[in-house]
Amino acid sequence: MTTTLEPETDDQPTTVETVRPTVTMRSRRMSLRIERRLILVCLILAAIALGVMVVSLATGDFPIAIRDVVATLFGQGSSRHNLIVLEWRLPRALMALVLGGALGMSGAIFQSLTRNPLGSPDIIGFNTGAYTGALIAIIIIGGGYVTVAIGALGGGLVTAAVVYVLAYRKGMQGFRLIIVGIAVSAMLASFNTWMILRADLEVAMSAAVWGAGSLSGISWPQAVPALFFCAVLTLLALIGDYSGRQLELGDDAASALGTRTQTTRLVQTVVGVALTASVTAVAGPIGFVALAAPQLARRLTKASGTGLIPAALMGAALLAASDWIAQHALPDITLPVGAVTVSLGGAYFIWLLIAEARK
């Protein structure tokens, strides 16, 4: 930790600026400096997310002790515990962490691109577009999991392209992108409602329940492809994170630093939409996690920008906790996790309004 003193004059008192503690990692080719607070917050969020997952694995119709859950995860459980923990509960608990991390990272990408805390995929409309593509696959085409996944990805990408074209006016401004996205989202929501009303009753009921956002019924055949897809997208997002952060300085400053602004924005948009679509394909549209996770992580780390890793860890913790609440909040009733995240999102908005009013 270092301090610098400004010269004392009659008009200006002595001021002290403290450099925040950092950890420096060096190699022959590069040097990386990370703030200690960022590392600590990430470790705490990871511990909370894993702790919630273990509690989720231990609770249910067949309660299991925490120590037996841990032993089962390390391959030392009984056949009964292996069936309950590894086959029945682990796919859902693990996907809550992975999909929550994907939503948090997607929200951080779009909030960084738009330089606006409202620039999340569920506000801009990409989440609704992915839901539209999935509904077309379910109601019109009638395909399985792969078809729904392709439909969600295609719907999200088409929506992103439409919003981008409509919002582009001699460059891209985050506020215009958000306004156009809200308008497109409203139209797509009406179209989604029309499709559900026109569908057969059984298909419409399943589509409506799935559209509320639910992790129920997830098994390893659905979890494994989603894990692989999210891992590849996470790697791509981390690779392009430096160039994406440069865009927060503005296009002129980013171009002066050697960043290809339009290419970077396009690649980051595709990666962010793909992360959102992967969640929609598995669990349906889950709202407010992508909106709240980056901002909550930013407040905890006190960073100047929206970091991908803290946002992903916060999203994982939020969705894991929300899914546990959805399963056990009401007796004999399992809520869609989307209903819980919307409720938490409303509480977050109220808190944010009160905090802003006090300033």
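Structure report, in brief. Not measured: the values here are computed from a predicted model. (Residues numbered from 1 in each chain as written. Predicted model: local features only at pLDDT ≥ 70, side-chain atom pairs only at ≥ 80, totals over all residues. Heavy atoms only, no water.)

### Description of the overall build of the protein chain
- Helix and strand counts for the protein chain come out as 15 helices and four strands.
- A burial count over the protein chain gives 43% of its 359 residues as buried.
- The contacts of the protein chain with a sequence gap of at least 6 include a subset with a gap of at least 24, amounting to 67%.
- Total accessible area on the protein chain stands at roughly 18900 Å², and carbon and sulfur atoms take up 65% of it. (Helix = DSSP H or I, 4+ residues; strand = E, 2+ residues; numbered from the N terminus. Buried < 20%, exposed > 50% of the residue type's maximum accessible area, 1.4 Å probe, protein only. Contact = heavy atoms within 4.5 Å. Areas by Shrake-Rupley, 256 points an atom, 1.4 Å probe, with all protein chains shown as cover.)

### A few points about the side chain of S322
- Topologically, S322 is positioned in helix α14 (residues 308-328).
- Residue classification places S322 among the buried residues on the basis of a relative accessible area of 2%.

### Brief notes about the packing of aromatic side chains
- All chains considered together, the criterion is met by three aromatic pairs.
- Ring centres of F62 and W88 lie 6.3 Å apart, and the angle between their planes is 45°; this geometry places the pair in the tilted category. Of this pair, F62 sits in the loop between α1 (36-58) and α2 (66-73) while W88 sits in helix α3 (residues 79-114); the two residues are 26 residues apart in sequence, bridging distant segments of the chain.
- A relative accessible area of 41% means that F62 is categorised as partly exposed.
- Seen in terms of ring centroids, F110 and F126 are 5.0 Å apart; in terms of plane orientation they differ by 55°. Their pairing is tilted. Of this pair, F110 sits in helix α3 while F126 sits in helix α5 (residues 126-141), and the two are 16 residues apart along the sequence. F126 matches F110 in its accessibility class, with the two residues each being buried. (Phe/Tyr/Trp six-rings, centres within 6.5 Å; stacked < 30°, edge-to-face > 60°.)

### A short note on the nonpolar core
- By size, the foremost hydrophobic cluster in this structure holds 58 residues, and its most contacted members are L99, I109 and I286.
- Put simply, the parts of the chain that give this core at least two residues each are α1, α3, α6 (145-167), α7 (174-198), α9 (220-239), α12 (261-283), α13 (289-301) and α14.
- Per-element tally for this core: the top contributor is α3, with 15 residues.
- Excluding residues that lie within four positions of it along the chain, I109 makes contacts with A237, Q268, V271, G272, L275 and L308.
- In terms of nonpolar packing, the next biggest core, distinct from the first, is built from 15 residues, A137, I196, A277 and A281 among them. (Core = buried A, V, L, I, M, F, W, Y, C linked by side-chain atoms within 4.5 Å.)

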